[in-house]
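Each chain is listed here by its residues.
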Amino acid sequence: MKYIVRSLKYFAYLCIVLALFIGVLYAFGLVGGGIDGIFKGGRSSLWKIAGIVAAFAAVYPAFGFGTRRLMAPGAFEDIRDAIVSSMEGLGYELERQDGENLSFRKRSGLQKAVSFWEDRLTFTRCLGGFDVEGRAKDVLRAISSLER
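Basis of the calculations
Residues numbered from 1 in each chain as written. Predicted model: local features only at pLDDT ≥ 70, side-chain atom pairs only at ≥ 80, totals over all residues. Heavy atoms only, no water. Helix = DSSP H or I, 4+ residues; strand = E, 2+ residues; numbered from the N terminus. Rg over C-alpha atoms; globule rule 2.2 N^0.38 Å. Buried < 20%, exposed > 50% of the residue type's maximum accessible area, 1.4 Å probe, protein only. Contact = heavy atoms within 4.5 Å. Areas by Shrake-Rupley, 256 points an atom, 1.4 Å probe, with all protein chains shown as cover. Phe/Tyr/Trp six-rings, centres within 6.5 Å; stacked < 30°, edge-to-face > 60°. Lys NZ or Arg CZ within 6 Å of the ring centre and 35° of its normal. Pairing = 2+ DSSP bridges. Axes fitted to C-alpha atoms, helices over the stretch in contact; angles between N-to-C directions. Salt bridge = Lys/Arg side-chain N within 4 Å of Asp/Glu carboxyl O.

S.K.: Help me understand the overall build of the chain, please; the structure alone is not making it clear to me.
M.R.: For the chain, the helix and strand inventory stands at six helices and five strands. Of the regular secondary structure in the chain, the N- to C-terminal order runs α-α-α-β-α-β-β-α-β-β-α. Here the C-alpha atoms of the chain give a radius of gyration of 20 Å, more than 25% beyond the 15 Å that 2.2 N^0.38 yields for 148 residues. The principal-axis extents of the C-alpha atoms in the chain amount to approximately 65 × 30 × 25 Å. With 148 residues in all, the chain has 30% of them scored as buried. Counting only contacts in the chain whose residues sit at least 6 apart along the sequence, the fraction spanning at least 24 positions is 52%. Of the roughly 9200 Å² that the chain leaves accessible, carbon and sulfur atoms contribute 63%.

S.K.: How should the packing of aromatic side chains be read in this particular structure?
M.R.: Two numbers describe a pair of aromatic rings. These are the distance of the centres and the angle of the planes. Per the counting criterion, the structure on display carries eight aromatic pairs. Aromatic pair Tyr10 and Tyr60: ring centres 4.8 Å apart, planes at 55°, arrangement tilted. Taken as a pair, Tyr10 in helix H1 (residues 2–27) and Tyr60 in helix H3 (residues 44–64) lie far apart in primary sequence, 50 residues in all. Site record: aromatic cluster; members linked through ring pairs are Tyr10, Tyr13, Phe56, Tyr60 and Phe65. Positioned above the aromatic ring of Phe130 is the side chain of Arg125, whose terminal nitrogen or guanidinium carbon lies 4.9 Å from the ring centre.

S.K.: How do you make sense of the sheet that holds strand S4 (residues 121–126) when you look at a structure like this?
M.R.: The strands making up a sheet associate through hydrogen bonds between their backbones, and the pairing can be parallel or antiparallel. Across the sheet, five strands lie side by side as S1-S5-S4-S3-S2; this open sheet has antiparallel pairing. Each end of this open sheet is capped by a strand with a single partner; those strands are strand S1 (65–71) and strand S2 (92–98). Taken over all neighbouring pairs, the strand axes of this sheet differ in orientation by 20° on average, direction set aside. Where S4 meets strand S5 (residues 129–135), five bridges bridge the pair, whose relative direction is antiparallel. Considered in S5, the bridge of Phe123 is made with Val132. Most of the contacts of helix H4 (residues 76–89) go to S2, to which it runs at about 150°, and overall it touches S2, strand S3 (101–106), S4 and S5.

S.K.: I keep staring at the pattern of salt bridges and nothing clicks. Help me out?
M.R.: Should their charged atoms come close, side chains of opposite charge can pair. Within this structure, the stated rule accounts for 13 salt bridges. Residue Lys9 is joined to Glu118 by a salt bridge in which the shortest nitrogen-to-oxygen separation is 3.2 Å. Remark: Glu118 occurs in the loop between helix H5 (109–114) and S4 and Lys9 occurs in helix H1; sequence separation between them is 109 residues. Taking relative accessible area as the criterion, Lys9 reaches 24% and is therefore assigned partly exposed. Two residues, Arg120 and Glu95, come together in a salt bridge whose shortest N-O distance is 2.8 Å. Here the residue Arg120 occupies a position in the loop between H5 and S4, and Glu95 occupies one in strand S2, the gap between them amounting to 25 residues. Judged by its relative accessible area of 32%, Arg120 is partly exposed. You can call Glu95 partly exposed: its relative accessible area is 34%.

This is the structure in structure tokens:
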């Protein structure tokens, strides 16, 4: 279900960005003549563009989100504070703690909006460390910071 919601969010996000981009081009007079003048196929091109955007939005969550292992041996009490302070340094705040599992969200509203409110990083305790789940680039950034 989470995958479908992410796909729909990215479809809406990409449609808005594309409409803004075309609107800016039209406002500055770089394109003209309405929809029929902007696109070679006119209004029938919009369905093709929507199909391409839908295909990209359907595939993106598979590559843009994931889980990686953070090797952090030791007692949870010993490493929890280091994880929280490192994540705060990256602009995250502790959202909740369920036992030995941690969930972080971005502090900045602008950063939340840019990531389309898909800014949660979840640390799930496993043998020898944590499984970190979230946006792939954020997961890699957090793990790199914590391993240093």
